[in-house]
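Each chain is listed here by its residues.
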Amino acid sequence: MSDNPVQYRRVLLKLSGEALMGDLDYGIEPKVIQRIAGEISTALKTGVEIAIVIGGGNIFRGAGLARAGMDRVTGDYMGMLATVMNALAIQDALEAIDVYARVMSALRINEVCEDYIRRRAVRHLEKGRVVILAAGTGNPFFTTDTAASLRAIEIGADVLLKATKVDGVYDSDPMINPDAKRYDSVSYDQVLSEKLLVMDATAIVMCRDNNLPLRIFDLSRANALVLAMTGDDIGTVVTA
């Protein structure tokens, strides 16, 4: 673990639903979600405030079924509900290790979680609670990447951390091209012009226009969250 002081006051962590699968074909691998909760707990002890946006691809992908003939709006709402299920699972894993967490949904599901209200989310963060933001933006046709950018800007996060299965941004797919080059840093405009697979274009533009730094890193690396928060040489930083 780095001895450097944490350089961020508040962060938003974007987790893909696939990050929760582990070696499973779908669903949630208990050992994986427990490890992620442990990393979040360790990061919290550094004093940083943490919000999380979670995807739902491990349970349901609305865009995929839309291509197969399902109504896109219906599929997207189903995908939003999948993110709520993942958010509840993360909340449970955090509370099992005595970390206070609140799930806030862009869709009203009052029986299981709070409605997303920006001021209330900020207040939870100020009290040291992890805020898990579910259901994307609450609107169809917007990805959870875009939701992560939007929420990070709304709550005044200092950085958007995107946890993936690769250790940064490459000039081509490292799974296909063994000679792919990894960038230590890259600009928003370069990501857009070269169509680098970081986040969707709407999310990148929002980060660029609001000067929100973005760090892409491999969550499976030991102490990855804390390393990302202390500014260590981990992953790729996207800035102006």
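Structure first, text after, so check above.
Throughout what follows, the structure given in this document is the object of discussion. Every value quoted in this text rests on a predicted model; they were computed, and no experiment measured them. Every chain's residues receive numbers from 1 upward, in the order its sequence appears when written. Confidence filtering applies because this is a predicted model: local features only for residues at pLDDT of at least 70, side-chain atom pairs given and counted only at 80 or more, and all residues used for totals across whole chains, interfaces and linings. Heavy atoms from the whole structure form the basis of all side-chain values; hydrogens and water molecules are not counted.

## Some thoughts on the overall build of the protein
Part 1: Broken down by element type, the protein carries 8 helices and 11 strands.
Part 2: For this measure, only C-alpha atoms enter the radius of gyration; the expected value for a globule follows 2.2 Å times N^0.38, where N is the number of residues. A compact globule built from 240 residues would reach a C-alpha radius of gyration of about 18 Å, and the protein, at 17 Å, matches this within 12%.
Part 3: Projected onto its principal axes, the C-alpha coordinates of the protein cover approximately 50 × 45 × 35 Å.
Part 4: Relative accessible area decides the class of each residue, using a 1.4 Å probe on protein chains only: under 20% of the type maximum gives buried, over 50% gives exposed, and in between gives partly exposed. Within the protein, the fraction of its 240 residues that count as buried is 51%.
Part 5: A separation threshold of at least 6 residues defines the contact pool for the protein, and within that pool the share at least 24 residues apart is 70%. Every helix listed is a DSSP run of H or I at least four residues long, and every strand listed is a run of E at least two residues long, numbered separately from the N terminus. Contacts are assigned to residue pairs with any non-hydrogen atoms lying within 4.5 Å of each other.

## Some points on helix H7 (residues 201-209)
Part 1: Taken residue by residue, H7 has Ala 203, Ile 204, Met 206 and Cys 207 as its buried positions. End-on, the buried residues of H7 take up no more than an arc of 160 degrees, which puts them together on one face.
Part 2: Considering only its buried residues, H7 is in contact with helix H5 (144-154), strand S6 (159-164), helix H6 (188-193) and strand S10 (214-218).
Part 3: The N-capping residue of H7, defined by a side-chain oxygen 3.1 Å from the backbone nitrogen of Thr 202, is Asp 200.
Part 4: Of the residues trailing H7, Asn 211 is marked for its positive phi of about 55 degrees. Within this analysis, the arc is defined by the directions that extend from the helix axis to the C-beta atoms. Side-chain atoms alone can form a polar contact between residues adjacent in sequence; in general such a contact is a pair of N or O atoms within 3.5 Å, and within protein one must be able to donate a hydrogen while the other accepts it.

## A look at the layout of surface pockets
Part 1: Buriedness for pockets is judged along seven lines, at least five of which must meet protein on both sides within 12 Å for an open set on the 1 Å grid over protein atoms alone, while cavities are sets there where a 1.4 Å probe fits but cannot get out, and lining residues have an atom within 4 Å of a point. Grid points are joined across faces, edges and corners, and a volume is the space filled by probe spheres set on the points. Taken as a whole, the largest pocket holds about 1200 Å³ of empty space.
Part 2: In this structure, the largest pocket is lined by 50 residues; those nearest its centre are Lys 14, Glu 18, Arg 61, Asp 145 and Lys 162.
Part 3: Elements supplying a minimum of two residues to the lining of the largest pocket: helix H2 (62-67), helix H3 (72-95), H5, S6 and strand S7 (169-170).
Part 4: Broken down by element, the lining of the largest pocket gets its largest block of residues, 6 residues, from H3.
Part 5: Three categories are distinguished: nonpolar for Ala, Val, Leu, Ile, Met, Phe, Trp, Tyr, Cys and Pro, charged for Asp, Glu, Lys and Arg, and polar for the others, with Gly belonging to the last. Its residues placed into classes, the lining of the largest pocket shows 18 nonpolar, 19 polar and 13 charged.
Part 6: What the second largest pocket holds in volume is close to 170 Å³.
Part 7: For the lining of the second largest pocket, the per-class residue count stands at 3 nonpolar, 3 polar and 4 charged.

## Describing the nonpolar core
Part 1: Buried Ala, Val, Leu, Ile, Met, Phe, Trp, Tyr and Cys residues that are joined via side-chain atoms within 4.5 Å together make up what is termed a nonpolar core. Of all hydrophobic cores here, the largest spans 44 residues; its most connected members are Ile 132 and Phe 217.
Part 2: At the level of elements, strand S1 (10-15), helix H1 (30-44), strand S2 (49-54), H3, strand S3 (101-105), strand S5 (130-134), S6 and helix H8 (224-229) are the ones that each hand at least two residues to this core.
Part 3: Looking at this core element by element, the count peaks at 7 residues for H1.
Part 4: The residues contacting Ile 132, other than those within four sequence positions of it, are Ile 52, Ile 54, Ala 87, Ile 90, Gln 91, Leu 94, Ala 101, Arg 102, Val 103 and Met 104.
Part 5: The next biggest cluster of nonpolar side chains, apart from the first, holds 31 residues, and it includes Ala 121, Ala 148, Ala 152 and Ile 216.

## Re the packing of aromatic side chains
Part 1: Within 6.5 Å between ring centres, the rings of Phe, Tyr and Trp (the latter by its six-membered ring) count as paired, and their orientation is classed by plane angle as stacked under 30 degrees, edge-to-face over 60, tilted in between. For the structure on display, the rule yields 0 aromatic pairs.
Part 2: Over the face of the ring belonging to Tyr 116 we find Arg 151, whose NZ or CZ atom lies 3.9 Å from the ring centre. Ring-over charges, as used throughout, are those where CZ of Arg or NZ of Lys falls within 6 Å of the ring centre and within 35 degrees of the ring normal.

## Remarks on the packing of H1 against H3
Part 1: Angular values range over 0 to 180 degrees, each being the angle between N-to-C directions of two axes fitted as lines to C-alpha atoms, with helices fitted over their stretch in contact. In contact at an axis separation of 9 Å, H1 and H3 are set at 65 degrees when each is read in the N-to-C sense. Note that H1 runs across H3; the crossing there is right-handed. The segment H1 lies against H3, with Ile 33, Ala 37 and Ile 40 engaging Ala 89, Ile 90, Ala 93 and Leu 94.
Part 2: Classifying every residue of the contact of H1 with H3 gives 7 nonpolar, no polar and no charged. With the far helix as reference, a near helix turned anticlockwise by less than a right angle produces a left-handed crossing, and one turned clockwise produces a right-handed crossing.

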